[in-house]
Amino acid sequence: MTCCSLTARCMLPVTAGRGGATRLRPTPAARPVPARLAARICRASAAAAPAKAKQPVITLTDDALTHLVKLREESGSDALLLRIGVKSGGCSGMSYHMDFEDESNVKEEDEVMQYDGGFRLVCDPKSLLYLFGMRLDWSSALIGGGFQFQNPNAVDSCGCGKSFGV
């Protein structure tokens, strides 16, 4: 078995124990858990955790989202998506690229992320490898303001923060 089969969301791996009793597959440092306890865990986790929407792999702060929505409105269409990606170039080897585009330009292999208020961001798979886990923020500071890219994959970045190296 691969699950205790109590809920569709439960993914607890189980194996047959002594005498055919079903037990959770132990982790290297853990002891097996009886199926009866696994069933309680599954029911509790299903009741406590309602089905969540898929979390975006690129995080937008509230300030960034507010500013992006404002920019989209100024462009004249609420149906546009923000395409974010990377390209070769810049002080550190790769630079961030952002632009609004029509939904008809989204390819099947692109990752589309949904945010509050219906705002959508799209990223190609190649760029997503470099942007996975990135946090996009907006600062209105006079010096150093604008979009701030906080990328956990960047080993090196330039002073302006608009390019990075891996």
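Structure: see above.
Residues numbered from 1 in each chain as written. Predicted model: local features only at pLDDT ≥ 70, side-chain atom pairs only at ≥ 80, totals over all residues. Heavy atoms only, no water.

A few points about the overall build of the protein
Helix and strand counts for the protein stand at three helices and 11 strands. Tracing the protein from N to C terminus, the helices and strands come up as β-β-α-β-α-β-β-β-β-α-β-β-β-β. When the 166 residues of the protein are sorted by exposure, 32% land in the buried category. The long-range share in the protein, meaning contacts at least 24 apart out of those at least 6 apart in sequence, stands at 48%. Summing over all exposed atoms, the protein offers an accessible surface of approximately 10,600 Å²; the carbon and sulfur share of this is 54%. (Helix = DSSP H or I, 4+ residues; strand = E, 2+ residues; numbered from the N terminus. Buried < 20%, exposed > 50% of the residue type's maximum accessible area, 1.4 Å probe, protein only. Contact = heavy atoms within 4.5 Å. Areas by Shrake-Rupley, 256 points an atom, 1.4 Å probe, with all protein chains shown as cover.)

Some remarks on the sheet that holds strand 9 (residues 146-150)
The sheet built from three strands is open, its strands ordered 3-8-9 with mixed pairing. Edge positions in the open sheet fall to strand 3 (59-60) and strand 9, since each of these has one partner strand only. Bridge count for strand 3 against strand 8 (residues 135-139) is two bridges, and the pairing is parallel. Opposite T59, over in strand 8, you have R135 as the bridge partner. Relative to the sheet, helix 2 (residues 62-75) contacts strand 3, strand 8 and strand 9, its axis offset from that of strand 8 by approximately 75 degrees. (Pairing = 2+ DSSP bridges. Axes fitted to C-alpha atoms, helices over the stretch in contact; angles between N-to-C directions.)

Some words on helix 2
Relative to the 20 Å expected for 14 residues at 1.5 Å per residue, helix 2 spans 20 Å between its end C-alpha atoms, a close match to the ideal helical length. All of the buried residues in helix 2 are A64, L65, H67, L68 and R72. Looking straight down helix 2, one finds its buried side chains confined to an arc of 165 degrees; they lie on one side. Opposite the packed face of helix 2, turned more than 90 degrees from it, sit the exposed residues D62, T66 and E74. (Expected span 1.5 Å × (residues − 1). Arc of directions from axis to C-beta.)

Remarks on the sheet that holds strand 7 (residues 120-123)
Within the open sheet, the six strands sit side by side as 6-7-4-5-11-10. Their pairing is mixed. Edge positions in the open sheet fall to strand 6 (111-114) and strand 10 (156-157), since each of these has one partner strand only. With two bridges connecting them, strand 5 (residues 94-101) and strand 11 (residues 163-165) associate as antiparallel partners. Note on strand 11: the bridge partner recorded for S95 is S163.

A closer look at the packing of aromatic side chains
On inspection of all chains with the given rule, the structure shows two aromatic pairs. Seen in terms of ring centroids, Y96 and F149 are 4.0 Å apart; in terms of plane orientation they differ by 5 degrees. Their pairing is stacked. Of the two residues, Y96 is situated in strand 5 and F149 in strand 9; the sequence distance between them amounts to 53 residues. Side by side, Y96 and F149 carry an identical accessibility label, which is buried. Where W138 meets F147, the ring centres are 5.0 Å apart and the plane angle is 65 degrees; that geometry is what we call edge-to-face. Under the relative-accessibility criterion, W138 is labelled partly exposed at 23%. By relative accessible area, F147 is classed as buried at 11%. (Phe/Tyr/Trp six-rings, centres within 6.5 Å; stacked < 30°, edge-to-face > 60°.)

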